[in-house]
Amino acid sequence: MTDYDINKLIELGALVVERAKRAGADVAEAAVSEGAHLSVKVRMGEPELVEEAGSKSLGLRVMRGQQVAVTYTSDLTPSGLTRFIEDALELAKLSQPDSFAGPPDPSLLSKRSQHVDLDLFDPAIHDIDAAQALDMALRAERAALSSDKRLSNSEGATMTRQAGASALVTSGGFSGGTRGTYASLAVHPVADDADGKKRSGYHWSARRYFADLDTPEQVGLEAAKRTLAKLGSRKISSQEVAVVFDPDAGRSILGLLASCINGGAIWRKSSYLAEREAQPVASPLVTVIDDPTILRGPGSRAFDGEGLLARKQTVVDAGVLKTFILDTYGAKKLGKASTANASRGSSGGVGASTSNFILQPGKQSPAELLAGTDKALYVTDMMGFGFNAVTGDFSRGASGFWVEKGERIFPVSEVTISLNLDDMLKRIDAIASDQDLRTSISTPTFRISSMTIAGK
Amino acid sequence: MSIPSRYHAPFGPAGSAPVDAETARKLLTVALSQGGQYADLFYEYNVAGSYALEEGILKAAGRSVSMGLGVRVMKGDATGYAYVQELTPEAMQRAARTAAQIAAGEQSGAPVSFEVPGQIARYQAADLSLDVSGEQKRELLLRADRAARAADPRVIRVEASLHEELREILIATSTGKLASDRQPMIRFSVRVIADDNGKRQTGSSGGGGRMSLEYFDEPTHSPEAHAREAVRHALAMLDARESPAGQMEVVLAPGDSGILLHEAVGHGLEADFNRKGTSNYSGRIGQRVASELCTVVDDSTLMGSRGSINVDDEANTPLAATLIEHGILVGYMHDQHSAKHYKTQPTGNGRRESFQAHPLPRMTNTLLLAGPHDPEEIIRSVKKGVYARKFGGGQVDIGNGDFVFSLTESYLIEDGKITTPLKGVNLIGNGPDVMGKISMLGNDVQTSDGIWTCGKDGQSVPVGVGCPTIKIASVTVGGTVL
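Note that the structure is a prediction, hence the values are computed from the model and not measured.

Peer 1: Just checking my understanding: could you explain the overall build of chain B for this structure?
Peer 2: For chain B, the count of helices and strands is nine helices and 23 strands. Relative to a compact globule of 482 residues, whose C-alpha radius of gyration would be 23 Å, chain B shows 24 Å and is just as compact. Across its three principal directions, the C-alpha atoms of chain B cover 70 × 55 × 35 Å. Within the span of chain B, comprising 482 residues, buried residues form 66% of the whole. Considering only intrachain contacts with a sequence separation of at least 6, the fraction spanning at least 24 residues in chain B is 75%. Surface exposure of chain B reaches about 16,600 Å², of which carbon and sulfur atoms provide 51%. Of note, chain B has its 48 positive side-chain charges centred 2 Å away from the centre of its 57 negative side-chain charges.

Structure representation (structure tokens):
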């Protein structure tokens, strides 16, 4: 069974690199990962699902000269491993020489001794068994449903815990590993609305350490509150008005910025920000950092997917774009240095990604921000995929609340909000002080001075 | 002519460690050792290849192999699920014992013998794209690249990719079913960026299905055809204006607009939501849920379609199921669990993403059947509205029925004519409400080319959609111009 022993994973990675080199690879990089999870779901007070499993897999990137191929396998039998390595070498003959392909300069690689412990692994997590997880999920759902009789139904409550270890070994001389855990608890109550519609809402807590999770009762009560608040939702008329994003909705706006400053999108010219480095890309209130060094952070990492030492950087400083997010390849394409943001997908491929990508909080509380808002749509949920990174055009479904004179007046659904992302970021005119520690991309509550709402 | 494939599941009849009835019976016995009422074994072997071209060269080629066994045990509405990747007897037994723990009681029965359900082949897996030489596949991508660049000097970037897959499954159930299937898939896509004096736009085209490279033989499916379509799309969007905001008449092009159905009604008719009473279609069988022009079916039997299956992931044989007939809700899509609840037969809609996930009722190919109107007449009937031609995807809130879907190519309709192209925009509406406002329906049904993937509870499965030209009398267009 899984023992999360990094040294054993490094050993397997080193063996794969060695064999790939012997088979003719000039560059070989092996990523090994293993993990185990338990996931339980209850619904209407009864257990609905208990799922438990472990997994282990290998990803490999090889280069023959500057011909690149990647392979992945979960078949770790001797014949499966042989096939996995042979396939990589065979595919590398098929791909065509790419003059920018290559591993990072060996002098940039970090040493294991430099890899600080970011406190990402909770040894207690593996001991949570199905009975305990079910109990937590039941308590959370009960807390929600018993709080108000209008909460007549439920999509259930889910508790999961997962633990994993991974290692990277490269022919350039890097070897390193990391371990991490994650636990989450989510509740999804359903209420019957007067018009025959069901209103469903949810709330969740997620942390690296089990002990840092909110209590089941806290999660359940918050989920109940959010669901009940949606009763009587209605459409509003089409208009231009301020929009406030709560952290659950704001996160996806910041995620769009993350994708548009990704080096891969920049050199591919598929971002509206391709030529905007060192220029204003947001309001002066906006400062965004990418910080892989946060203790117990959901997106923390000591080294990146190519073995470079990960580091904190300011990406947007008072509205000005300071840097793109780069791996070695993207950096070469743009004539720059890697920002140590490489990430290695399970398929073996490498690309750039953010770590903990955070819109820095302002000074006023969310309540103060709301109190200072004359008229706005306060968005709690968004739907759909309407975003064009090349132009920045944005249009998505939204629901939340209508705000007047600083008060939430009534719930709103079935409207869209639209504006070009460039204008959205420049029109951010208030940022609150709340911080969301659940996800690697996170924002406080913030407000955009004006967007187009399409409704009635 | 077929050559023997290099790709066979180890657990299949041509594999190195075939799973026979005896092995299956033993594992099911372990799975039911704690008093479970039902158990099944789901073996899966998945090999996928990917080829990505950009900047005129094949930059990356990849292959992945994943396989394993998922064991499910049910008691009442509770499911125990465990999976393993290693297919050793010890590992498989461990999974069966773990899943068994959902129940707490005495050994219950395992099947004495198995029956192999009959299958009608909706695709063939004798010739696999995976077995074709890499050079041939590279050439398809290079052809798309050349054609896109030749189509217009404003094309500054071309990306083309080919994804190929074989999914071999074997299912054994405690009710005595033993089924297997080899499910091939390819997906081709081209994306271009055009630049007109610093103004950039993107366009795309793609397709595929449960087939091999014969897909490209069809002239409208050739790499050149997809390249030209992607370029046409990008160039059309270069002139796009801001889209209007508010409620108006909308006409949807045939084919991919079937996503509207998929979101507006499809998910709401998956029986798990109705079993739980969390769908706004719960308890509405026999009631009007759409305009009487609408007949909606879920049809897994289309030859070679991306959403088609010979057998579902619970060993049930899928049928073409009518969901809505002339606007009246007549049936749901069932997996085994919901069928038992409704005391009906499973419709063969029990699908799962992989051996790492339990089955759920899912759509296959969801189609809105033809109506009486000439598509030209439909467009002519619109004074001021939006014509939607290409789509980016959609999402629905099952509970209240609100859905969105995004348009990546649309036009204004003015006085019955398609005029100015519009920037990307979302439509938002409420399922039953919008389905009730379908006021005209074309006689020109098309099914989507194989590009769509549906997500539910974190599980992705390939699907197809189809429909004729549709006119919606009023729906909210999420543009920026008031």
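Peer 1: How should unusual backbone geometry be read in this particular structure?
Peer 2: Across residues other than glycine, the phi torsion is negative in most instances, and most of the peptide bonds are trans. Residue and element names in this part refer to chain A. Notably, Asp119 is not glycine yet its phi reads approximately 60°, a positive angle. Along the chain, the position of Asp119 falls in the loop between helix H2 (78-94) and helix H3 (130-145). The phi angle at Ala340 is positive, at roughly 60°, despite the residue not being glycine. Along the chain, Ala340 falls in the loop between helix H7 (328-334) and strand E12 (342-344). The class of Ala340 is buried, set by a relative accessible area of 3%.

Peer 1: Would you explain the sheet that holds strand E9 (residues 288-290) of chain A in this entry?
Peer 2: Residues and elements named next belong to chain A. With respect to topology, five strands assemble into an open sheet ordered E11-E10-E9-E14-E20, the strand pairing being mixed. Edge positions in the sheet fall to strand E11 (320-321) and strand E20 (441-442), since each of these pairs with one other strand and no more. Looking at chain direction, strand E10 (residues 313-317) and E11 are connected through two bridges and run antiparallel. Directly across from Asp317, in E11, lies its bridge partner Val320.

Peer 1: What is the right way to look at helix H5 (residues 247-260) of chain A in this model?
Peer 2: Residues separated by three or four positions in an α-helix point in the same direction, a consequence of the helix having 3.6 residues per turn. Residues and elements named next belong to chain A. In a regular helix each residue adds 1.5 Å, so 14 residues correspond to 20 Å; H5 covers 20 Å between its end C-alpha atoms and thus fits that length. Among the 14 residues that make up H5, 11 are buried, leaving the element largely enclosed by the rest of the structure. For H5, the capping residue at the N-terminal end is Asp246, with a side-chain oxygen 2.9 Å from the backbone nitrogen of Asp248.

Peer 1: Before we go on, may I ask you to explain the interface of chain B and chain A in this structure?
Peer 2: For an interface, size is often stated in terms of accessible area lost upon the parts coming together. Taken residue by residue, the interface counts 76 residues in chain B and 75 residues in chain A. Counting each side, the surface lost to burial between chain B and chain A is near 5,900 Å², with a carbon and sulfur contribution of 51%. Of all residues in chain B, Arg63(B), Arg200(B) and Lys276(B) give up the largest surface area on contact with chain A, accounting jointly for 11% of the area buried on that side. For the pair chain B and chain A, the number of links is seven salt bridges. As a salt-bridge pair, Arg63(B) and Asp87(A) come within 3.1 Å of each other at their nearest N and O atoms. Inspection of the region where chain B meets chain A yields 36 residue pairs in polar contact (both at pLDDT 80 or more). Broken down by element, the side of chain B that touches chain A gets its largest block of residues, 11 residues, from strand E2 (residues 57-75) of chain B. Taken together, the residues of the side of chain B that touches chain A sort by class into 25 nonpolar, 33 polar and 18 charged.

Peer 1: Would you mind going over the pattern of salt bridges with me for this structure?
Peer 2: Note on pairing: side chains with opposite charge can pair once their charged atoms come close. Under the counting rule described, the total for this entry stands at 66 salt bridges over all chains. With its nearest N and O atoms 3.2 Å apart, the salt bridge here joins Asp192(A) to Lys198(A). For Asp192(A), a relative accessible area of 40% gives the class partly exposed. Since its relative accessible area comes to 13%, Lys198(A) is described here as buried. With its nearest N and O atoms 3.5 Å apart, the salt bridge here joins Arg191(B) to Glu159(B). Of this pair, Arg191(B) sits in strand E5 (residues 178-196) while Glu159(B) sits in strand E4 (residues 155-173), and the two are 32 residues apart along the sequence. According to the relative accessible area criterion, Glu159(B) is buried, its value standing at 19%. Connected through shared salt-bridge partners, Glu222(A), Lys225(A), Arg226(A), Asp246(A), Asp248(A), Arg251(A), Asp436(A) and Arg438(A) make up one network.

Cut-offs used in this document
Residues numbered from 1 in each chain as written. Chains lettered and ligands numbered in written order. Predicted model: local features only at pLDDT ≥ 70, side-chain atom pairs only at ≥ 80, totals over all residues. Heavy atoms only, no water. Helix = DSSP H or I, 4+ residues; strand = E, 2+ residues; numbered from the N terminus. Rg over C-alpha atoms; globule rule 2.2 N^0.38 Å. Buried < 20%, exposed > 50% of the residue type's maximum accessible area, 1.4 Å probe, protein only. Contact = heavy atoms within 4.5 Å. Areas by Shrake-Rupley, 256 points an atom, 1.4 Å probe, with all protein chains shown as cover. Lys, Arg positive; Asp, Glu negative; His and termini not counted. Charge placed at Lys NZ, Arg CZ, Asp CG, Glu CD. Pairing = 2+ DSSP bridges. Expected span 1.5 Å × (residues − 1). Polar contact = N/O pair within 3.5 Å; in protein donor to acceptor, adjacent residues only side chain to side chain. Buried area = accessible area lost by both parts, 1.4 Å probe. Salt bridge = Lys/Arg side-chain N within 4 Å of Asp/Glu carboxyl O. Nonpolar A, V, L, I, M, F, W, Y, C, P; charged D, E, K, R; others polar.

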